[in-house]
Amino acid sequence: MNRKKTKKVICGGIEIGGDAPISIQSMTNTDTRDTKSTIDQIKRLEEAGCEIIRVAILDLEAADAIAHIKKKINIPIVADIHFDYRLAIECIKNGVDKLRINPGNIGDIERVKKVTQAAKERNIPIRIGVNAGSIDKKIVEKYGKVTPKTMVESALEHIHILEKLNFYDTVVSLKASDLKLTLEAYRLMSQRIDYPLHIGVTESGTIKSGTIKSAIGVGALLLDGIGDTLRISLTGDPTEEIKVGKEILKTIGSRDFGVKIISCPTCGRCQIDLISLANKIEKRLENINKNITVAIMGCAVNGPGEAKDADIGIAGGKSSALLFKKGEIIKKIEESEIEKVFMEEIMKM
């Protein structure tokens, strides 16, 4: 996978773009003004592996809350702002690490200039976030409907506003809930600019359907070499977004996020309770940050052979399992001892 080279910007110490690792973001679903709930949720997101967090800024009280939240968390915080340029300036004063705004939506050029000047003074980047559902009507009328070109033109319009003000610490996103529209917009945009791209499929759905949709969309872009930071948008606990994002990056080989598990779907040859075992092992290894591959296979037919590149694995037998390492059989384990012995051998590694 050859990742497209983009310029690098810094968000609170986290590099986005260039040769920096693809970072994982999320957004709180608490009321930002309720600082305790917001901080508690961010702490849980940090533990899950979130690297950049975004919060909604609805009013001045929310903007002022940034100062307190910032002191209690360990990851960069992004202010999501619409229409009111004064909220952006207040968030900058309160120590925010990045802004998510659309310059064309926050007033005349003088207002935008005030925001960019304040951002420059603090070295704060700006993400231009184009969503298919909120594109300027004039651009939509030009093309008759929302298309990839519509989204790209909207983003370029916002980019040009910043460039006229000599502001270049910019990140760009072009999200839609329609998968094909999202993919085509990002691919087209990637050919037009070298700013880092924040990728994702917006309003992708519930944890189940949204995970599938995001895995297809985000995975396809990453395999095309497109994307410098990502957010998986799910209707549910935002920690699930982090789990999915990590799994996508781990699966395509972009980043190592702990243990990689290989397991077979089982069939009539399987003579142990492999489904239960696989779920238990996955749960126990969830927060183990070791770059190893673990195989959980149902029988000897596809066991050591299919998973020969795994660092360690088991292949089920009749009320037992064979333990193997790098395809070499080490010993036989009785079914009642499989989980215990297997975990002990994994932890030795």
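Residues numbered from 1 in each chain as written. Predicted model: local features only at pLDDT ≥ 70, side-chain atom pairs only at ≥ 80, totals over all residues. Heavy atoms only, no water.

**Regarding the side chain of Glu-51**
Within the element layout of this structure, Glu-51 appears in the loop between α1 (35–48) and β4 (52–56). In this structure the side chain of Glu-51 is engaged in a polar contact, spanning 2.8 Å, whose partner is the side chain of Arg-255. If near-sequence neighbours (up to four positions away) are discounted, Glu-51 is found in contact with Ile-14, Ile-22, Ser-23, Ile-24, Ile-75, Pro-76 and Arg-255. (Helix = DSSP H or I, 4+ residues; strand = E, 2+ residues; numbered from the N terminus. Polar contact = N/O pair within 3.5 Å; in protein donor to acceptor, adjacent residues only side chain to side chain. Contact = heavy atoms within 4.5 Å.)

**Quick look at the sheet that holds strand β13 (residues 312–317)**
Paired through backbone hydrogen bonds, the strands of a sheet run either parallel or antiparallel to each other. The strand order across the open sheet formed by five strands is β11-β12-β13-β14-β15, and the pairing between neighbours is mixed. Single-partner strands in this sheet number two, and they are β11 (260–263) and β15 (328–334). Strand-to-strand twist of the sheet, defined as the mean angle between neighbouring strand axes without regard to direction, takes the value 20°. Pairing of strand β14 (residues 320–325) with β15, which is carried by six bridges, proceeds in the antiparallel orientation. The partner of Lys-325 across the bridge, within β15, is Glu-328. In this fold helix α10 (residues 274–285) packs onto β11, β12 (293–297) and β13, with an angle of close to 165° to the strand it touches most, β12. (Pairing = 2+ DSSP bridges. Axes fitted to C-alpha atoms, helices over the stretch in contact; angles between N-to-C directions.)

**Details of helix α6 (residues 148–164)**
Each turn of an α-helix holds 3.6 residues, which means side chains three or four residues apart point in the same direction. Helix length check: α6, at 17 residues, gives a terminal C-alpha distance of 24 Å against a target of 24 Å (1.5 Å per residue), a fit within 8%. Burial in α6 covers these residues: Pro-148, Thr-150, Met-151, Val-152, Ser-154, Ala-155, Leu-156, His-158, Ile-159, Ile-161 and Leu-162. Where α6 is buried, its residues contact α4 (109–121), β7 (126–131), α5 (137–143), β8 (170–175) and α7 (179–192). Taken from the residues just after α6, Asn-166 is the one with a positive phi, measuring 60°. (Expected span 1.5 Å × (residues − 1). Buried < 20%, exposed > 50% of the residue type's maximum accessible area, 1.4 Å probe, protein only.)

**Some words on the layout of surface pockets**
Volume-wise, the largest pocket comes out at about 900 Å³. Taken together, 31 residues line the largest pocket, and the ones lying closest to its centre are Lys-243, Lys-246, Glu-247, Lys-250 and Glu-286. Listing elements by their share of the lining of the largest pocket, those giving two or more residues are α1, α8 (207–223), α9 (239–251), β11 and α10. For the lining of the largest pocket, the element with the most residues is α9, which contributes nine residues. Looking at side-chain class alone, the lining of the largest pocket contains 10 nonpolar, nine polar and 12 charged residues. Put simply, the second largest pocket is a space of about 390 Å³. Lining the second largest pocket are 22 residues, with Met-27, Arg-54, Asn-131, Thr-202 and Arg-231 sitting closest to its centre. At the level of secondary structure, the elements contributing two or more residues to the lining of the second largest pocket comprise β4, β7 and β8. Tallied by class, the residues present in the lining of the second largest pocket amount to six nonpolar, eight polar and eight charged. (1 Å grid on protein atoms, 1.4 Å probe; cavity = no way out; pocket = protein on both sides within 12 Å on 5 of 7 lines; lining within 4 Å. Points joined across faces, edges and corners; volume = space filled by probe spheres on them. Nonpolar A, V, L, I, M, F, W, Y, C, P; charged D, E, K, R; others polar.)

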